[in-house]
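# An overview of the molecular structure
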Amino acid sequence: MAQAAGVSPMTVSNVVNARPHVKPETRERVLAAIQDLGYRVNAAGRNLRTGRTGTIGFAVPEIDNQYFAHLIARVVDEAAERGLRVAIEQTGATRETEIEVVSTSRNRLYDGLLLSTAGLTDADTDLLQVDYPIVLLGESLFDAPLDHIIMPNHEGAREATEHLIARGRRKIAYLKRPDTDMDPRRAGYLEAVTAAGLEPILIEIEALDIGSSARAVGAALAQGLEFDAIAAFTDNLAVGAIRGAADAGLRVPDDLLVTGFDNVPLAALTVPSLTTIAPDHAVTAHTALEFLLERMAGSTVPPRTFTIPHTLIERESSR
């Protein structure tokens, strides 16, 4: 095998066991030799020798959510380049399911876990003290002694709101999520409107989906609530807001400006196309995998926090 690939036996072992720091071209050459020679890894024997399975877990709140579906695809691609498989878990954004995923991941034979947490709090920090690597993704709602990839929630929402203010809007509504008062995106919105001397306008939605957003915006307009812009904290909610406004006879952007958050693929295809905060999904996946692989290799550096870079993409909904 090593001779066929033109590398050392150690390099073959590094590729087969999904160890990091193998050059991509070298990895491709070894994998091609494996394919040509019909080599098959004895996974059971390797697992007994190394304690590794070549599989990592990725737990997300909703698999069918466009943002998470897009991120899952990025993570799977990044993992495949490193010879790793990814097992997807759905938590429903509940504390109980997130705790269950953490407690059972070792039994499910994962070498490490990426956990996009939405339900855990400071009181659950001790439950994350496990004997395998975990990297957290998502909102920074609590401190845990783990590597954490953080969404630019506060900064992004503030920037989106400031964008609407710069467009001359003075009655900017925010769609208030129903499940928590700890919403960093709302905090960013509030910071921007307060700094501009504006009154906040909060529209509560019953759930985090397009239909709920459309109904909430339609009901608010029917009740006489006045606003000339909406800062939605996800692209899905922004799409729903545009639908609700249209049903009430308002046109975006002529009568109402709308911004979203996440830059899911649908955002560029809606009519009008959606102005949104775009986190760098590729950097998110790459950094999460790098952190996890370093921990899997035994790194003992102090826990790291990485905030995902973002940009505001201006499209038709706010022009």
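Everything discussed here concerns the structure shown above.
Summarised in this report is the structure supplied together with it. (Residues numbered from 1 in each chain as written. Predicted model: local features only at pLDDT ≥ 70, side-chain atom pairs only at ≥ 80, totals over all residues. Heavy atoms only, no water.)

Quick look at the pairing of strand E4 (residues 134–138) now. The buried fraction of E4 is high, at five of five residues. Bridge count for strand E3 (residues 113–117) against E4 is five bridges, and the pairing is parallel. Its bridge partner lying in E4, Thr 117 is registered against Gly 138. With four bridges joining them, E4 and strand E5 (residues 147–150) adopt parallel strand pairing. Counted as the bridge partner of Gly 138 is Ile 150 from E5. (Buried < 20%, exposed > 50% of the residue type's maximum accessible area, 1.4 Å probe, protein only. Helix = DSSP H or I, 4+ residues; strand = E, 2+ residues; numbered from the N terminus. Pairing = 2+ DSSP bridges.)

Right, let's talk about a nonpolar patch on the surface for a bit. Among the surface-exposed residues, Ile 63, Val 76 and Ile 88 lie close enough to one another that they form a single nonpolar patch of about 190 Å² accessible area. Examined against the element boundaries, Ile 63 turns out to sit in the loop between strand E1 (55–60) and helix H5 (66–81). (Patch = residues over 30% accessible without salt bridge, like charges linked within 9 Å, V, L, I, M, F, W, Y side chains within 5 Å. Areas by Shrake-Rupley, 256 points an atom, 1.4 Å probe, with all protein chains shown as cover. Salt bridge = Lys/Arg side-chain N within 4 Å of Asp/Glu carboxyl O.)

Further remarks concern the sheet that holds E4. Spatially, the six strands line up as an open sheet ordered E2-E1-E3-E4-E5-E11, and their pairing is parallel. The open sheet terminates on both sides in strands that have one partner only, identified here as strand E2 (85–90) and strand E11 (305–307). Ignoring which end each strand starts from, the neighbouring axes of this sheet average 20 degrees apart. Sheet strands in contact with H5 are E1, E2, E3 and E4, and its direction is about 170 degrees off that of E1. (Axes fitted to C-alpha atoms, helices over the stretch in contact; angles between N-to-C directions. Contact = heavy atoms within 4.5 Å.)

The next point concerns the packing of helix H7 (residues 153–166) against helix H8 (residues 184–195). Between H7 and H8, whose axes approach to 7 Å, the crossing angle comes to 40 degrees. By the angle between their axes, H7 is oblique relative to H8. Between H7 and H8 lies a crossing of right-handed hand. On the side of H7, the interface is formed by Asn 153, His 154, Ala 157, Arg 158, Thr 161, Glu 162 and Ile 165, while H8 contributes Pro 184, Arg 185, Ala 187, Gly 188, Tyr 189, Glu 191, Ala 192 and Val 193. (Parallel < 35°, antiparallel > 145°, perpendicular 65-115°, else oblique. Left-handed = near helix turned anticlockwise from the far one by under 90°.)

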